[in-house]
Amino acid sequence: MLGMVVGTHRNTYAKISLAIIKRNIGIEKKKMDPEQALFAVVKANAYGHGLLEVSQAAHEAGVDGFCVAIIDEGLKLRLAGIKELILVLGVNPPAQAVLMAQNNLSATVDSLAFLQAAAPLLRAKNVRLAVHLALDTGMSRIGFRTKEELKKALAFLKAHREEFIFEGIFTHFATADSTAQTALDHYHRQLEKFHELMTVVINKPRYVHVANSAASLWHKEAKGNAVRFGIAMYGLNPSGGELELPSELKPAMSLYSEIVSVRQLDAGNSVGYGKTYTASKAEWIATVPIGYADGWLRRMQGFKVLVKGIYCAIVGRVCMDQIMIRLPYELPVGEKVTLIGTDNKKTITAQDIATYSKTIHYEVLCALSERIPRYYK
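The structure displayed is predicted, hence computed values, not measured ones. (Residues numbered from 1 in each chain as written. Predicted model: local features only at pLDDT ≥ 70, side-chain atom pairs only at ≥ 80, totals over all residues. Heavy atoms only, no water.)

> Which residues make up the state of the cysteines, and what are the values?
What the rule picks out here adds up to zero disulfides. Free cysteine: Cys366, not disulfide-bonded; nearest cysteine sulfur from Cys67 at 15 Å. (Disulfide = S-S within 2.5 Å.)

This is the structure we're talking about:
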């Protein structure tokens, strides 16, 4: 079955430095306690960087496991030969328990009902499922919320050791990336709630993990013996700039295209759908082959790109497959365009894009479609 077409015959592409990803992992590992494990978070196509390539680089950098969002991501890693622990962070129906067990995928569990329904299925196939119990300490997304619920699940796991391996327990912080007092208060309430719930866990599993990228960077008291290293592995700031990212962490992705058409407009000529931009004087306008089908969304109208180290505005609406930019002077077809990265000591970051479009850089990177080829250094 054919997947999405990749635009290898169009000069729009992303460059990913696997060396930088390995270096970012190494920096985090040096800061961690010796007994702590590092899980590389590679969900959503490794935040747009490429699932298999990034996972192989993370394996070479010595990570202890991987976190994915959905079963299919985990299966793809197993097919590629990844042997380390793979935790599926999303909850799944009990009917998928056997598939996860057969492929040695660790399952996130947030209800006794899942365990009760999965147990006979696992028993019938004579397989055991490794589980990580999720604790809802204030995210209100998934997880056990009370000690009573958790006790029942723990008792069930103890009574069904032939079907389950109690491998881990974890929570997720909602506001570890902010210095606002309300955010800090909520973070500390979550941490207290986690410790409260953990009082009923007499026999702790192999992995107790609470630290995401933000907590690992700025909340050393959020211990646990494993770190889920996500956005910081790719060199981006979980706080979006509110807190200072260690300067040694570097972004791994750059995004480039080229000029494919150039024309001089007269004053009064308009550009693009809806006639949202009209030249006020004679101007050079260039067309660049990237658009919202590639994840360069319509809200990027009015933003900028770099050409020969000069910031050039995106004029007119972003099209499905193209954007138009205003040049400082006539430039030739084939001139390189930098959308994310550095050109002549000028830089555009994923955070710059996120700030302009009133979102987060996670969304910017994850939105970049598979139509854009990724090339690896």
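> Which residues make up the pairing of strand β5 (residues 106-109), and what values do they have?
Of the two faces of β5, the one carrying Ser106 and Thr108 and the one carrying Ala107 and Val109 are both buried. Relative to β5, strand β4 (residues 85-88) runs parallel, the two being bridged by two bridges. Bridge pairing in β5 places Val88 opposite Ala107. Following the chain from β4 across helix α5 (residues 97-102) to the adjacent parallel β5, one finds a crossover that is right-handed. Inspection of the sheet shows β5 paired to strand β6 (residues 129-134) by three bridges, in the parallel sense. The residue bridging Ala107 from the neighbouring strand is Val131, located in β6. Viewed along the sheet, the connection from β5 through helix α6 (residues 112-125) into β6 turns out right-handed. (Buried < 20%, exposed > 50% of the residue type's maximum accessible area, 1.4 Å probe, protein only. Helix = DSSP H or I, 4+ residues; strand = E, 2+ residues; numbered from the N terminus. Pairing = 2+ DSSP bridges. Right-handed = clockwise from strand over helix to strand, strands pointing away.)

> Which residues make up the sheet that holds strand β3 (residues 65-68), and what are the values?
In space, the eight strands of this closed barrel follow the order β2-β3-β4-β5-β6-β7-β8-β9, with parallel pairing throughout. The mean angle between the axes of side-by-side strands here comes to 30°, regardless of whether they run parallel or antiparallel. Pairing of strand β8 (residues 207-211) with strand β9 (residues 226-229) involves two bridges; the strand directions are parallel. Bridge pairing links His209 to Ala226 in β9. Packed onto the sheet, α6 meets β5, β6 and β7 (164-170) and runs at close to 150° relative to β7. (Axes fitted to C-alpha atoms, helices over the stretch in contact; angles between N-to-C directions. Contact = heavy atoms within 4.5 Å.)

> Explain the domain arrangement of the chain to me, using residue names and the numbers behind them.
For the chain, the domain assignment lists domain 1 (18-234) and domain 2 (253-376). Here domain 1 and domain 2 have C-alpha centroids that lie 38 Å from each other. The partner domain 2 presents seven residues to the nine residues of domain 1 that form the contact. Both faces considered, domain 1 and domain 2 share a buried interface measuring about 790 Å² in area, 69% of it formed by carbon and sulfur atoms. Applying the counting criterion to the domain 1 and domain 2 interface returns three residue pairs in polar contact (both at pLDDT 80 or more). For the side of domain 1 that touches domain 2, the element with the most residues is helix α2 (residues 43-47), which contributes three residues. Of the residues belonging to the side of domain 1 that touches domain 2, the class tally is four nonpolar, four polar and one charged. (Domains from an automatic or database assignment. Buried area = accessible area lost by both parts, 1.4 Å probe. Polar contact = N/O pair within 3.5 Å; in protein donor to acceptor, adjacent residues only side chain to side chain. Nonpolar A, V, L, I, M, F, W, Y, C, P; charged D, E, K, R; others polar.)

> Before we move on, could you go through the UniProt feature "domain: Alanine racemase C-terminal" (unreviewed entry) in the chain and cite the residues and values that matter?
The positions UniProt marks with the feature "domain: Alanine racemase C-terminal" (unreviewed entry) are residues 252-377. Between the C-alpha atoms that bound residues 252-377 there is a distance of 10 Å. The span itself is 11% helix and 40% strand. (UniProt positions renumbered as here; feature names shortened; annotations may be inferred.)

> Account for the packing of aromatic side chains, naming residues and giving values.
Aromatic ring pairs are described here by two measures, namely the spacing of the ring centres and the angle between the planes. Across all of its chains, the model carries eight aromatic pairs by this definition. Each ring, one from Tyr13 and one from Tyr256, has its centre 5.6 Å from the other, and the planes form 40°; the classification is tilted. One end of the pair, Tyr13, is in strand β1 (residues 13-16); the other, Tyr256, is in strand β10 (residues 253-258), and 243 residues separate them in sequence. Each member of the pair, Tyr13 as well as Tyr256, is classed as buried. One aromatic cluster is present, formed by Tyr13, Tyr256 and Tyr375 through successive ring pairs. A cation over a ring is seen here: Lys304 above Tyr311, with NZ or CZ 4.6 Å from the ring centre. When the ring centre of Tyr256 is taken as reference, the NZ or CZ atom of Lys336 above it lies at 4.1 Å. (Phe/Tyr/Trp six-rings, centres within 6.5 Å; stacked < 30°, edge-to-face > 60°. Lys NZ or Arg CZ within 6 Å of the ring centre and 35° of its normal.)

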